[in-house]
Amino acid sequence: MYNFASGYNLVLIKRWMKTLVIIPSRLSATRLPGKPLLKIGGLSIISHVVKKAESANIGEVFVAAEDQEIIDDVKKNGGQAILTNNYHKTGTDRVFEAINKLGNKSVELVMNLQGDEPLMNIDDIKKLHNKMIQSKAQFGTLASNISEKNVLEKQSLVKVITKDSLNESNFPEAKDFKREIINETKNIYHHLGIYCYQFETLKKFISFNQSPNEIKFKLEQLRALDNYIKINVALAKESPIGLDTKEDFVAIKKIMEYKDQWVKFFFKEHLEHIHI
(Lines give C-alpha, C1' and ligand atoms only; values in the text may rest on other atoms or scores of the structure.)
Protein backbone atom coordinates (compact mmCIF):
# COMPACT_ATOMS: atom_id res chain seq x y z
CA MET A 1 0.00 0.00 0.00
CA TYR A 2 1.25 3.49 -0.87
CA ASN A 3 2.32 5.52 2.16
CA PHE A 4 0.80 8.96 1.55
CA ALA A 5 2.62 10.53 4.48
CA SER A 6 5.98 9.35 3.24
CA GLY A 7 5.17 10.45 -0.34
CA TYR A 8 4.10 13.88 0.91
CA ASN A 9 7.30 14.24 2.95
CA LEU A 10 9.38 13.34 -0.12
CA VAL A 11 7.70 16.12 -2.11
CA LEU A 12 8.46 18.63 0.67
CA ILE A 13 12.11 17.50 0.89
CA LYS A 14 12.52 17.75 -2.89
CA ARG A 15 11.28 21.34 -2.83
CA TRP A 16 13.70 22.17 -0.04
CA MET A 17 16.76 20.42 -1.49
CA LYS A 18 18.76 21.90 -4.36
CA THR A 19 19.83 19.49 -7.11
CA LEU A 20 21.95 20.24 -10.15
CA VAL A 21 22.24 17.94 -13.15
CA ILE A 22 25.62 18.21 -14.87
CA ILE A 23 26.35 16.35 -18.13
CA PRO A 24 30.11 16.07 -18.83
CA SER A 25 31.02 15.87 -22.51
CA ARG A 26 34.02 16.08 -24.84
CA LEU A 27 34.71 15.54 -28.52
CA SER A 28 37.98 13.61 -28.14
CA ALA A 29 36.57 10.22 -27.09
CA THR A 30 39.09 7.46 -27.83
CA ARG A 31 36.74 4.92 -29.41
CA LEU A 32 34.33 7.25 -31.21
CA PRO A 33 35.67 10.80 -31.63
CA GLY A 34 33.06 13.52 -32.11
CA LYS A 35 30.20 11.39 -30.78
CA PRO A 36 28.43 14.18 -28.80
CA LEU A 37 27.64 15.98 -32.07
CA LEU A 38 26.47 12.96 -34.06
CA LYS A 39 22.89 13.63 -35.06
CA ILE A 40 19.72 11.57 -34.76
CA GLY A 41 16.51 13.09 -36.07
CA GLY A 42 18.27 16.41 -36.68
CA LEU A 43 19.38 16.76 -33.04
CA SER A 44 22.85 16.01 -31.63
CA ILE A 45 23.39 13.19 -29.13
CA ILE A 46 24.37 15.66 -26.40
CA SER A 47 21.23 17.73 -26.96
CA HIS A 48 19.10 14.57 -26.81
CA VAL A 49 20.65 13.83 -23.40
CA VAL A 50 19.94 17.41 -22.26
CA LYS A 51 16.26 17.08 -23.26
CA LYS A 52 16.05 13.76 -21.40
CA ALA A 53 17.57 15.28 -18.25
CA GLU A 54 15.24 18.29 -18.42
CA SER A 55 12.24 15.96 -18.75
CA ALA A 56 13.19 14.29 -15.45
CA ASN A 57 12.54 17.68 -13.79
CA ILE A 58 14.81 17.16 -10.77
CA GLY A 59 16.89 20.32 -11.10
CA GLU A 60 18.62 22.72 -13.47
CA VAL A 61 20.56 21.01 -16.26
CA PHE A 62 23.99 22.09 -17.56
CA VAL A 63 26.45 20.53 -19.98
CA ALA A 64 30.10 20.77 -18.93
CA ALA A 65 32.39 20.58 -21.97
CA GLU A 66 35.93 21.49 -23.00
CA ASP A 67 34.91 22.06 -26.64
CA GLN A 68 33.28 25.28 -27.83
CA GLU A 69 31.48 23.30 -30.57
CA ILE A 70 29.55 21.36 -27.91
CA ILE A 71 28.75 24.53 -25.98
CA ASP A 72 27.41 26.20 -29.14
CA ASP A 73 25.32 23.17 -30.11
CA VAL A 74 23.70 22.87 -26.68
CA LYS A 75 22.88 26.58 -26.49
CA LYS A 76 21.55 26.59 -30.06
CA ASN A 77 19.11 23.87 -29.02
CA GLY A 78 17.94 25.76 -25.93
CA GLY A 79 20.17 24.14 -23.30
CA GLN A 80 22.65 25.58 -20.79
CA ALA A 81 26.38 24.86 -21.01
CA ILE A 82 29.65 25.73 -19.28
CA LEU A 83 33.08 25.72 -20.91
CA THR A 84 35.62 23.82 -18.80
CA ASN A 85 39.35 23.17 -18.97
CA ASN A 86 40.74 20.37 -21.13
CA TYR A 87 43.02 18.73 -18.58
CA HIS A 88 40.40 16.69 -16.70
CA LYS A 89 41.07 12.97 -16.43
CA THR A 90 37.43 12.04 -15.62
CA GLY A 91 33.91 13.30 -16.11
CA THR A 92 33.46 13.80 -12.37
CA ASP A 93 36.43 16.19 -12.24
CA ARG A 94 34.82 18.15 -15.07
CA VAL A 95 31.48 18.20 -13.24
CA PHE A 96 33.12 19.69 -10.15
CA GLU A 97 34.77 22.50 -12.14
CA ALA A 98 31.42 23.34 -13.74
CA ILE A 99 29.73 23.63 -10.33
CA ASN A 100 32.53 25.89 -9.09
CA LYS A 101 32.12 28.10 -12.16
CA LEU A 102 28.40 28.34 -11.51
CA GLY A 103 29.22 29.55 -8.01
CA ASN A 104 26.10 27.87 -6.63
CA LYS A 105 26.51 27.74 -2.85
CA SER A 106 23.13 26.13 -2.15
CA VAL A 107 23.53 22.92 -4.18
CA GLU A 108 23.15 19.75 -2.08
CA LEU A 109 22.78 16.94 -4.61
CA VAL A 110 24.65 16.61 -7.90
CA MET A 111 23.45 14.29 -10.67
CA ASN A 112 26.17 13.33 -13.15
CA LEU A 113 24.48 12.03 -16.30
CA GLN A 114 26.80 10.72 -19.01
CA GLY A 115 26.63 12.65 -22.30
CA ASP A 116 26.53 9.46 -24.37
CA GLU A 117 23.38 7.96 -22.80
CA PRO A 118 20.46 9.33 -24.91
CA LEU A 119 18.32 6.25 -24.11
CA MET A 120 18.46 6.62 -20.32
CA ASN A 121 14.97 6.08 -18.89
CA ILE A 122 13.49 9.23 -17.31
CA ASP A 123 11.80 7.22 -14.55
CA ASP A 124 15.15 5.64 -13.68
CA ILE A 125 16.74 9.10 -13.33
CA LYS A 126 13.91 10.11 -11.00
CA LYS A 127 14.23 6.86 -9.05
CA LEU A 128 17.92 7.41 -8.32
CA HIS A 129 17.20 10.97 -7.23
CA ASN A 130 14.41 9.81 -4.92
CA LYS A 131 16.57 7.04 -3.43
CA MET A 132 19.33 9.54 -2.64
CA ILE A 133 16.86 11.82 -0.86
CA GLN A 134 15.07 9.07 1.05
CA SER A 135 18.19 7.18 2.17
CA LYS A 136 20.49 10.17 2.63
CA ALA A 137 23.17 8.09 0.90
CA GLN A 138 26.45 9.80 0.03
CA PHE A 139 26.92 8.40 -3.48
CA GLY A 140 24.47 6.51 -5.68
CA THR A 141 24.19 4.96 -9.11
CA LEU A 142 21.97 2.66 -11.21
CA ALA A 143 22.30 -0.88 -12.51
CA SER A 144 20.09 -3.22 -14.50
CA ASN A 145 19.59 -6.97 -14.66
CA ILE A 146 21.77 -8.90 -17.10
CA SER A 147 19.80 -11.09 -19.46
CA GLU A 148 22.50 -11.94 -22.01
CA LYS A 149 25.76 -13.74 -21.29
CA ASN A 150 27.75 -11.55 -23.72
CA VAL A 151 27.25 -8.57 -21.36
CA LEU A 152 29.44 -10.37 -18.80
CA GLU A 153 32.15 -10.90 -21.40
CA LYS A 154 32.08 -7.47 -23.08
CA GLN A 155 34.71 -5.26 -21.46
CA SER A 156 33.14 -2.03 -22.73
CA LEU A 157 30.08 -2.81 -20.57
CA VAL A 158 30.85 -2.18 -16.90
CA LYS A 159 29.45 -4.56 -14.29
CA VAL A 160 28.71 -3.82 -10.63
CA ILE A 161 28.71 -6.46 -7.90
CA THR A 162 26.44 -5.59 -4.97
CA LYS A 163 26.49 -6.82 -1.37
CA ASP A 164 22.81 -7.80 -1.56
CA SER A 165 20.60 -8.85 -4.44
CA LEU A 166 18.96 -5.85 -6.14
CA ASN A 167 15.19 -5.44 -6.14
CA GLU A 168 12.68 -2.68 -6.91
CA SER A 169 12.76 -1.17 -3.43
CA ASN A 170 16.25 -1.60 -1.96
CA PHE A 171 19.44 0.45 -2.36
CA PRO A 172 22.35 -1.85 -1.40
CA GLU A 173 26.04 -1.03 -1.40
CA ALA A 174 28.37 -1.86 -4.27
CA LYS A 175 31.20 -4.30 -3.51
CA ASP A 176 33.10 -3.73 -6.74
CA PHE A 177 32.94 -2.55 -10.35
CA LYS A 178 34.52 -4.68 -13.07
CA ARG A 179 34.93 -4.76 -16.82
CA GLU A 180 35.41 -8.52 -16.89
CA ILE A 181 33.69 -11.12 -14.71
CA ILE A 182 35.77 -14.21 -14.01
CA ASN A 183 34.98 -15.88 -10.66
CA GLU A 184 32.00 -13.90 -9.36
CA THR A 185 28.60 -15.56 -9.72
CA LYS A 186 26.23 -13.65 -7.38
CA ASN A 187 24.65 -10.18 -7.49
CA ILE A 188 26.20 -9.09 -10.79
CA TYR A 189 24.47 -6.29 -12.72
CA HIS A 190 25.05 -4.01 -15.70
CA HIS A 191 26.24 -0.64 -14.41
CA LEU A 192 24.65 2.41 -16.05
CA GLY A 193 26.34 5.74 -16.80
CA ILE A 194 24.80 7.89 -14.09
CA TYR A 195 25.91 9.01 -10.63
CA CYS A 196 24.34 11.10 -7.90
CA TYR A 197 26.30 12.44 -4.95
CA GLN A 198 25.91 14.72 -1.97
CA PHE A 199 27.88 17.83 -2.85
CA GLU A 200 30.12 17.38 0.20
CA THR A 201 30.90 13.82 -0.95
CA LEU A 202 31.75 15.10 -4.43
CA LYS A 203 34.21 17.58 -2.91
CA LYS A 204 35.79 14.76 -0.91
CA PHE A 205 36.02 12.53 -4.00
CA ILE A 206 37.75 15.29 -6.01
CA SER A 207 40.30 15.83 -3.24
CA PHE A 208 41.73 12.32 -3.77
CA ASN A 209 44.30 11.49 -6.43
CA GLN A 210 43.34 8.89 -9.01
CA SER A 211 43.71 5.48 -7.38
CA PRO A 212 45.78 2.66 -8.94
CA ASN A 213 42.60 0.63 -9.61
CA GLU A 214 40.90 3.61 -11.23
CA ILE A 215 43.86 4.09 -13.58
CA LYS A 216 44.29 0.37 -14.30
CA PHE A 217 40.64 -0.35 -15.14
CA LYS A 218 39.66 3.15 -16.34
CA LEU A 219 36.73 3.27 -13.91
CA GLU A 220 36.50 6.50 -11.92
CA GLN A 221 34.03 5.03 -9.39
CA LEU A 222 36.86 2.84 -8.07
CA ARG A 223 38.46 6.00 -6.68
CA ALA A 224 35.49 6.24 -4.32
CA LEU A 225 35.62 2.59 -3.19
CA ASP A 226 39.41 2.70 -2.82
CA ASN A 227 38.98 5.66 -0.45
CA TYR A 228 36.15 4.06 1.58
CA ILE A 229 33.32 6.10 0.07
CA LYS A 230 30.27 3.86 -0.11
CA ILE A 231 28.31 3.69 -3.37
CA ASN A 232 24.67 2.58 -3.21
CA VAL A 233 22.98 0.99 -6.22
CA ALA A 234 19.33 1.19 -7.34
CA LEU A 235 17.73 -1.19 -9.82
CA ALA A 236 16.86 0.42 -13.17
CA LYS A 237 13.87 -0.56 -15.29
CA GLU A 238 15.83 -0.48 -18.51
CA SER A 239 19.35 -1.18 -19.70
CA PRO A 240 20.09 1.51 -22.31
CA ILE A 241 22.81 1.17 -24.91
CA GLY A 242 25.77 3.47 -24.24
CA LEU A 243 27.42 5.12 -27.23
CA ASP A 244 30.98 3.80 -27.56
CA THR A 245 31.27 2.50 -31.13
CA LYS A 246 29.86 3.08 -34.62
CA GLU A 247 27.78 -0.08 -34.12
CA ASP A 248 26.29 1.41 -30.94
CA PHE A 249 25.38 4.57 -32.85
CA VAL A 250 23.59 2.59 -35.57
CA ALA A 251 21.65 0.62 -32.93
CA ILE A 252 20.70 3.74 -30.94
CA LYS A 253 19.68 5.58 -34.11
CA LYS A 254 17.34 2.73 -35.11
CA ILE A 255 15.70 2.65 -31.67
CA MET A 256 15.23 6.42 -31.44
CA GLU A 257 13.94 6.80 -35.00
CA TYR A 258 11.51 3.92 -34.48
CA LYS A 259 10.19 5.52 -31.26
CA ASP A 260 9.83 8.86 -33.02
CA GLN A 261 7.90 7.31 -35.92
CA TRP A 262 5.65 5.41 -33.50
CA VAL A 263 4.82 8.57 -31.53
CA LYS A 264 4.01 10.48 -34.73
CA PHE A 265 1.80 7.61 -35.95
CA PHE A 266 0.02 7.39 -32.57
CA PHE A 267 -0.85 11.08 -32.50
CA LYS A 268 -1.83 11.13 -36.17
CA GLU A 269 -4.24 8.21 -35.64
CA HIS A 270 -5.82 9.81 -32.58
CA LEU A 271 -6.06 13.31 -34.03
CA GLU A 272 -7.88 11.98 -37.05
CA HIS A 273 -10.63 10.70 -34.75
CA ILE A 274 -11.07 13.99 -32.91
CA HIS A 275 -14.02 16.00 -34.21
CA ILE A 276 -14.13 19.67 -33.33
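Predicted model, so just to flag it, every value in this text is computed and none were measured. (Residues numbered from 1 in each chain as written. Predicted model: local features only at pLDDT ≥ 70, side-chain atom pairs only at ≥ 80, totals over all residues. Heavy atoms only, no water.)

1. Some details on unusual backbone geometry
Excluding glycine, most residues fall at negative phi; most peptide bonds, likewise, are trans.
Link 1 in the chain: Even without glycine at this site, Asn 57 takes up a positive phi of about 55 degrees.
Link 2 in the chain: With respect to the helices and strands, Asn 57 occurs in the loop between helix H2 (45-56) and strand S4 (60-65).
Link 3 in the chain: Even without being glycine, Lys 136 reaches a positive phi, approximately 60 degrees.
Link 4 in the chain: Assignment of secondary structure puts Lys 136 in the loop between helix H5 (122-135) and strand S7 (139-144). (Helix = DSSP H or I, 4+ residues; strand = E, 2+ residues; numbered from the N terminus.)

2. Quick look at the packing of aromatic side chains
Link 1 in the chain: Taken as a whole, this structure holds 5 aromatic pairs when the rule is applied.
Link 2 in the chain: Residues Phe 139 and Phe 205 carry aromatic rings whose centres are separated by 6.2 Å and whose planes lie at 70 degrees to one another, so their mutual orientation is edge-to-face. With Phe 139 in strand S7 and Phe 205 in helix H7 (residues 199-207), the pair connects residues that are 66 residues apart, well separated along the chain.
Link 3 in the chain: Looking at Phe 139, the relative accessible area reads 2%, which means it is buried.
Link 4 in the chain: Consider the rings of Tyr 195 and Tyr 197, whose centres lie 6.5 Å apart with planes at 15 degrees: the pair is stacked.
Link 5 in the chain: Taken together, the ring pairs connect Phe 139, Tyr 195, Tyr 197 and Phe 205 into an aromatic cluster. (Phe/Tyr/Trp six-rings, centres within 6.5 Å; stacked < 30°, edge-to-face > 60°. Buried < 20%, exposed > 50% of the residue type's maximum accessible area, 1.4 Å probe, protein only.)

3. Quick notes on the confidence of the model for the protein
Link 1 in the chain: Put simply, the protein has an average pLDDT of 87, and 87% of its residues get 70 or more.
Link 2 in the chain: Under a pLDDT of 50 for its full length, residues 1-6 has, in the predicted model, 1 contact with residues more than four places off or in other chains.
Link 3 in the chain: This model gives residues 12-16 a pLDDT under 50, and the stretch forms 5 contacts once residues within four places in sequence are excluded. (pLDDT = per-residue confidence, 0-100. Contact = heavy atoms within 4.5 Å.)

4. Remarks on the packing of H2 against helix H3 (residues 68-76)
Link 1 in the chain: Where H2 meets H3, the closest approach of the two axes is 9 Å, and the angle between their N-to-C directions is 50 degrees. With respect to each other, H2 and H3 are oriented oblique. Considering the relative orientation of H2 and H3, their crossing is right-handed. Along its contact with H2, which presents Ile 46, Ser 47 and Val 50, the element H3 presents Ile 70, Asp 73 and Val 74.
Link 2 in the chain: By residue class, the composition of the contact of H2 with H3 is 4 nonpolar, 1 polar and 1 charged. (Axes fitted to C-alpha atoms, helices over the stretch in contact; angles between N-to-C directions. Parallel < 35°, antiparallel > 145°, perpendicular 65-115°, else oblique. Left-handed = near helix turned anticlockwise from the far one by under 90°. Nonpolar A, V, L, I, M, F, W, Y, C, P; charged D, E, K, R; others polar.)

5. A short note on the pairing of S7
Link 1 in the chain: The element S7 is extensively covered by neighbouring structure, given that 6 of its 6 residues are classed as buried.
Link 2 in the chain: Along S7, one buried face is formed by Phe 139, Thr 141 and Ala 143 and the opposite face, lined by Gly 140, Leu 142 and Ser 144, is buried too.
Link 3 in the chain: Strand direction decides the pairing type here: S7 and strand S10 (residues 188-198), joined by 5 bridges, are antiparallel. Along S10, the bridge assignment pairs Gly 140 with Cys 196.
Link 4 in the chain: As defined by bridge partners, S7 adjoins strand S11 (residues 232-235) across 4 bridges and the pair is classed as parallel. Within S11, the residue paired with Leu 142 across the bridge is Ala 234. (Pairing = 2+ DSSP bridges.)

6. Overview of the pairing of S10
Link 1 in the chain: Burial within S10 is extensive, with 11 of its 11 residues counted as buried.
Link 2 in the chain: Inspection of the sheet shows strand S6 (residues 109-113) paired to S10 by 5 bridges, in the antiparallel sense. Looking across to S10, one finds that Leu 109 is bridged to Gln 198.
Link 3 in the chain: Bridge analysis of strand S8 (residues 159-162) against S10 gives 3 bridges, and the strand direction is antiparallel. The residue bridging Ile 161 from the neighbouring strand is Ile 188, located in S10.

7. Details of the pattern of salt bridges
Link 1 in the chain: Going through the model one piece at a time under the given rule, you end up with 13 salt bridges.
Link 2 in the chain: Among the salt bridges present, the one from Lys 101 reaches Glu 97, with a minimum N-O distance of 3.6 Å. On the criterion of helical spacing, the pair formed by Lys 101 and Glu 97 is a turn pair, its members being 4 residues apart in helix H4 (residues 91-102).
Link 3 in the chain: Here Lys 253 ties to Glu 257 by a salt bridge, and the two come within 2.8 Å at their closest N and O atoms. Note that Lys 253 and Glu 257 are positioned in helix H10 (residues 246-271) at a spacing of 4 residues, about one turn of the helix.
Link 4 in the chain: Via salt bridges that share partners, Lys 35, Asp 116 and Asp 244 belong to a single interconnected network. (Salt bridge = Lys/Arg side-chain N within 4 Å of Asp/Glu carboxyl O.)

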